[in-house]
Amino acid sequence: MRMFDFIRYFTGICLVLALAGGCIAHSTPVVVEKPDISLRKAFPDLSFESIEQTDVKGLYEVVSGLNLFYYYPEKEYLVFGEIFTAAGKSLTAERKGELAAKLVKNLPLDKAIKTGNGKTEVIEFTDPDCPFCRKSYDFFKNRTDVTMYTFFSPFAHPGAITKVWYMLNADDKAKAYHEMFEGKSAEQPATGYSDEIKKLAQEHLELAKSLGVSGTPTYFINGKQVVGADFQKLEKLLNDASLPGDKAAPAIK
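Remember, predicted model here, so these are calculated numbers, not experimental data.

Undergrad: Mind showing me how you'd approach the pattern of salt bridges here?
TA: In a structure, side chains of opposite charge can pair up when their charged atoms sit close to one another. Enumeration according to the criterion identifies 13 salt bridges in this entry. Of the charged contacts in the structure, one is a salt bridge between Lys111 and Glu203, with a shortest N-O distance of 2.8 Å. Highlighted residues: Lys111 in the loop between helix H3 (91–104) and strand S5 (113–115) and Glu203 in helix H7 (residues 195–210), separated in sequence by 92 residues.

Undergrad: I'm lost on the nonpolar core in this one. Help?
TA: Across soluble globular proteins, nonpolar side chains have a tendency to be buried as a group. Phe152, Met167, Leu168, Tyr177 and Phe181 are the most contacted members of the largest nonpolar core, which totals 19 residues. Elements supplying a minimum of two residues to this core: helix H4 (131–141), helix H5 (161–169), helix H6 (173–181) and H7. For this core, the leading source of residues is H5, giving five residues. Formed by 15 residues, the second largest nonpolar core is a distinct cluster that contains Ala100, Leu107, Leu109 and Phe125.

Undergrad: Where do I start with the confidence of the model for the protein chain in this structure?
TA: Parts of the prediction with low pLDDT should not have their coordinates interpreted in detail. Here the protein chain shows a mean pLDDT of 85. Residues at 70 or above account for 83%. Element-level pLDDT for the protein chain is lowest in helix H1 (residues 3–19), with a mean of 38, against a maximum mean of 98 in S5. Of the regions scoring below 50 in pLDDT, residues 3–31 engages in seven contacts with residues more than four places distant in sequence or in other chains. Contacts from residues 243–247, a stretch scored under 50 in pLDDT, to residues over four places away or in other chains number two contacts.

Undergrad: It is not clear to me how the pairing of strand S2 (residues 60–64) should be interpreted in this structure. Could you clarify?
TA: Working note: regular strand, side chains alternate between the two faces of the sheet. Of all five residues in S2, five are buried; the element is thus mostly enclosed. Of the two faces of S2, the one lined by Tyr60, Val62 and Ser64 and the one lined by Glu61 and Val63 are each fully buried. Pairing geometry for strand S1 (residues 50–53) and S2, over four bridges, is antiparallel. Bridge pairing links Gln53 to Tyr60 in S2. Counting the residues between successive antiparallel strands, the hairpin from S1 to S2 contains six residues, one of them, Gly58, with a positive phi of roughly 85°. Here S2 pairs with strand S3 (residues 67–72) via five bridges, running antiparallel. By the bridge assignment for S3, Ser64 is matched with Asn67.

Conventions adopted
Residues numbered from 1 in each chain as written. Predicted model: local features only at pLDDT ≥ 70, side-chain atom pairs only at ≥ 80, totals over all residues. Heavy atoms only, no water. Salt bridge = Lys/Arg side-chain N within 4 Å of Asp/Glu carboxyl O. Helix = DSSP H or I, 4+ residues; strand = E, 2+ residues; numbered from the N terminus. Core = buried A, V, L, I, M, F, W, Y, C linked by side-chain atoms within 4.5 Å. Buried < 20%, exposed > 50% of the residue type's maximum accessible area, 1.4 Å probe, protein only. pLDDT = per-residue confidence, 0-100. Contact = heavy atoms within 4.5 Å. Pairing = 2+ DSSP bridges.

Following this line, the structure appears as structure tokens:
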């Protein structure tokens, strides 16, 4: 039998036997574990809310509170750090901002200082001793399209807490806020504030921490976070923003 005929004969026999369930061995299907199951098995003490595929094949984003990290199931690697684009943008920081913006919906706006009556709601975390916060104040102060809810988080200037007490203690809090950031305020007393006012100021700080706010100014507009005096980004968000469906709670005045 010639070689060609032998190959054709052998192939035909194998095909017949394969159809009959023989000759060709069936490989056992590989069971691929779901990434969330794999993560729980590899790190049983880790609590997380979600795990989703990233743009990188095989790498998953893991959300645990406001913490963001990555999981590679194939090697059971847990990766902490940031993913940057070639343009230098941190995709990790951007995603954290989105997570924080979702939590903003639960903020007690009645404990903020409310200024303005515009259609667009702006949540602000600021510091009366921060020069960038004062520049941002100048950006917003003459706008008629925003309603600002201001919380205070003077992490970098702890001495500014007496100024925060002063504004929160004022009968007209909106006026005290404007005067403070325009440099028109007289020297504030360091004592004489009630425990209630001090507790409110501390609550502002805790709310900032709960959202992962670590620098000022920080803004939340229409589900987006802006860190710093980024006026170009603020302008774009304000132009694109629309009123949320739910009415905001009344803020302290």
